[in-house]
Amino acid sequence: MELTDADLVARVLVDDDQHAFGELVRRHQSSVRGLLRQLARSDFALADDLAQETFLRAYKNVRSFRGEARFSTWLYRIAYNCFREHARRRKELVGIDEEQLQSEHDPQVADPGLRYDLMHALSLLPLPERTAILLCCQNGLSHDEAARVLEIPLGTVKTNVLRGREKLKKMLTAWGPD
Amino acid sequence: MDEQHQEDWLDRQLREAVSYIDDEGFTAQVLKRLPARRPGRRPLRAVILLGVTVLASAIAYFISGGGRFVSLNIERLAMLPVLWLFAIALGSGLLVTTLGLFAAISKTSDLQS
């Protein structure tokens, strides 16, 4: 029987069960690292450092998870805060690593060129629009959940998604459907 | 090309661009960096459980008039026919074994999952 995230969190809370926490990390590492890689404009090393920091903070603050939102939503919020703090400290974001992107060919996507252009276009969006697009369109969060993650009003999330999509569509006109 | 068609296309491309990132030791690294387990929580729970049990037993002992019901029931049991005693012992044994097995199996499956 597969334990739910809530069951695993309960084990961490009651028994300080690090194996249960390990299972939570295993389940969510891909989506958290994926989000951070795109926020960090494909600086994979930085993204993985921030992802580790995200999970460490989640472990230390697991008592503040009240189960009102999904565990993944709560993690995204921590990840976004980690990223924001890092960006504030550094005051600059690392540029896109073209070699890394090209080597990350995803067989699901028919055209690796399209994936590259899409990632590049995403990286060109301003941070608020990029984050809103990543959370809502790529990771399947509702606008309401994204607003909670980003701690901004719901209307702002909707505007950022709308603007981001418009810009992406313009930048990807050449690849658009016939 | 209509607006909706284009939006659907963009959403699909965005979703498909997400590829699963293999763990490749990431979880192990996180677990290595976790702070040491908080000491003293399990012993504390055991002490609380034991304390509550002893307290409840003492209360039950005094409420029941010095545990007189225990000796009364032992006397009643002793007066039962041997076959009845055997049936009660067998039933109790089976019940305890079943409960123990159930607990062991559920604990094992939890650990495996």
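Definitions and limits used
Residues numbered from 1 in each chain as written. Chains lettered and ligands numbered in written order. Predicted model: local features only at pLDDT ≥ 70, side-chain atom pairs only at ≥ 80, totals over all residues. Heavy atoms only, no water. Helix = DSSP H or I, 4+ residues; strand = E, 2+ residues; numbered from the N terminus. Expected span 1.5 Å × (residues − 1). Buried < 20%, exposed > 50% of the residue type's maximum accessible area, 1.4 Å probe, protein only. Core = buried A, V, L, I, M, F, W, Y, C linked by side-chain atoms within 4.5 Å. Contact = heavy atoms within 4.5 Å. Axes fitted to C-alpha atoms, helices over the stretch in contact; angles between N-to-C directions. Parallel < 35°, antiparallel > 145°, perpendicular 65-115°, else oblique. Left-handed = near helix turned anticlockwise from the far one by under 90°. Nonpolar A, V, L, I, M, F, W, Y, C, P; charged D, E, K, R; others polar. Polar contact = N/O pair within 3.5 Å; in protein donor to acceptor, adjacent residues only side chain to side chain. Phe/Tyr/Trp six-rings, centres within 6.5 Å; stacked < 30°, edge-to-face > 60°. Lys NZ or Arg CZ within 6 Å of the ring centre and 35° of its normal.

Residue and element names in this part refer to chain A. Here helix α3 (residues 44-60) is 17 residues long and its end C-alpha atoms lie 24 Å apart, about the 24 Å a rise of 1.5 Å per residue gives. Of all 17 residues in α3, twelve are buried; the element is thus mostly enclosed. Listed in full, the buried residues belonging to α3 are Phe44, Leu46, Ala47, Asp48, Leu50, Ala51, Gln52, Thr54, Phe55, Leu56, Ala58 and Tyr59.

Our next topic: the nonpolar core. Residues and elements named next belong to chain A. One finds Phe21 and Leu36 to be the most contacted residues of the largest nonpolar core, which totals 60 residues. The greatest single-element share of this core, amounting to nine residues, is contributed by helix α4 (residues 71-90). Discounting chain neighbours no more than four positions away, the residues touching Leu36 are Ala47, Leu50, Ala51, Thr54, Ala79 and Phe83.

All names here are of chain A. Interaxial distance between α3 and α4 falls to 9 Å at its minimum, and their mutual angle equals 125 degrees. In terms of orientation, α3 lies oblique with respect to α4. For α3 against α4, the interelement crossing comes out right-handed. The residues of α4 that touch α3, namely those facing Leu46, Leu50, Glu53, Thr54, Phe55, Arg57 and Ala58, are Trp74, Leu75, Ile78, Ala79, Cys82, Phe83, Glu85 and His86. Among the residues making up the contact of α3 with α4, the classes are represented as ten nonpolar, two polar and three charged.

Let's shift gears to the environment of Arg63(A). Residues and elements named next belong to chain A. Following the sequence through the fold, Arg63 ends up in the loop between α3 and α4. For the pair Arg63 and Val12, spaced 51 residues apart in sequence, the C-alpha to C-alpha distance is 9.2 Å. Within the structure, the side chain of Arg63 is placed 3.4 Å from the backbone oxygen of Leu13, a separation counted as a polar contact.

This part covers the side chain of Asn160(A). By the secondary structure assignment, Asn160(A) is in helix α9 (residues 154-171). Sequence-distant contacts of Asn160(A), that is, excluding residues within four places in its chain, are made with Pro128(A), Glu129(A), Ala132(A) and Ile152(A).

Right, let's get into unusual backbone geometry. Backbone geometry places Glu151(A), a non-glycine residue, at a positive phi of 55 degrees. Following the sequence through the fold, Glu151(A) ends up in the loop between α8 (143-150) and α9. Look at Glu24(B): it is not a glycine, yet its phi comes out positive at around 45 degrees. According to the relative accessible area criterion, Glu24(B) is exposed, its value standing at 71%.

Scanning the model with the defined rule gives six aromatic pairs over all chains in all. With a centroid separation of 5.6 Å and an interplanar angle of 40 degrees, the aromatic rings of Phe71(A) and Trp74(A) are classed as tilted. Of this pair, Phe71(A) and Trp74(A) are both found in helix α4, three residues apart, which corresponds to roughly one turn of the helix. The exposure classification of Phe71(A) matches that of Trp74(A), with both residues buried. Centre to centre, the rings of Tyr61(B) and Phe62(B) are 5.5 Å apart; their planes meet at 80 degrees, and the pair counts as edge-to-face. Ring pairs connect the aromatic residues Phe65(A), Phe71(A) and Trp74(A), which therefore count as one cluster. Its guanidinium or amino end placed over the ring of Phe44(A), Arg37(A) lies 4.1 Å from that ring's centre, counting from NZ or CZ.

What follows covers the side chain of Asp48(A). Looking at the element boundaries, Asp48(A) is found in helix α3. Classification of Asp48(A) by relative accessible area gives buried; the value is 18%. Among the polar contacts made by the side chain of Asp48(A), one reaches the side chain of Arg33(A) at a distance of 3.0 Å. Ignoring any residue separated from it by four or fewer positions in sequence, one finds Asp48(A) in contact with Arg33(A), Arg37(A) and Phe26(B).

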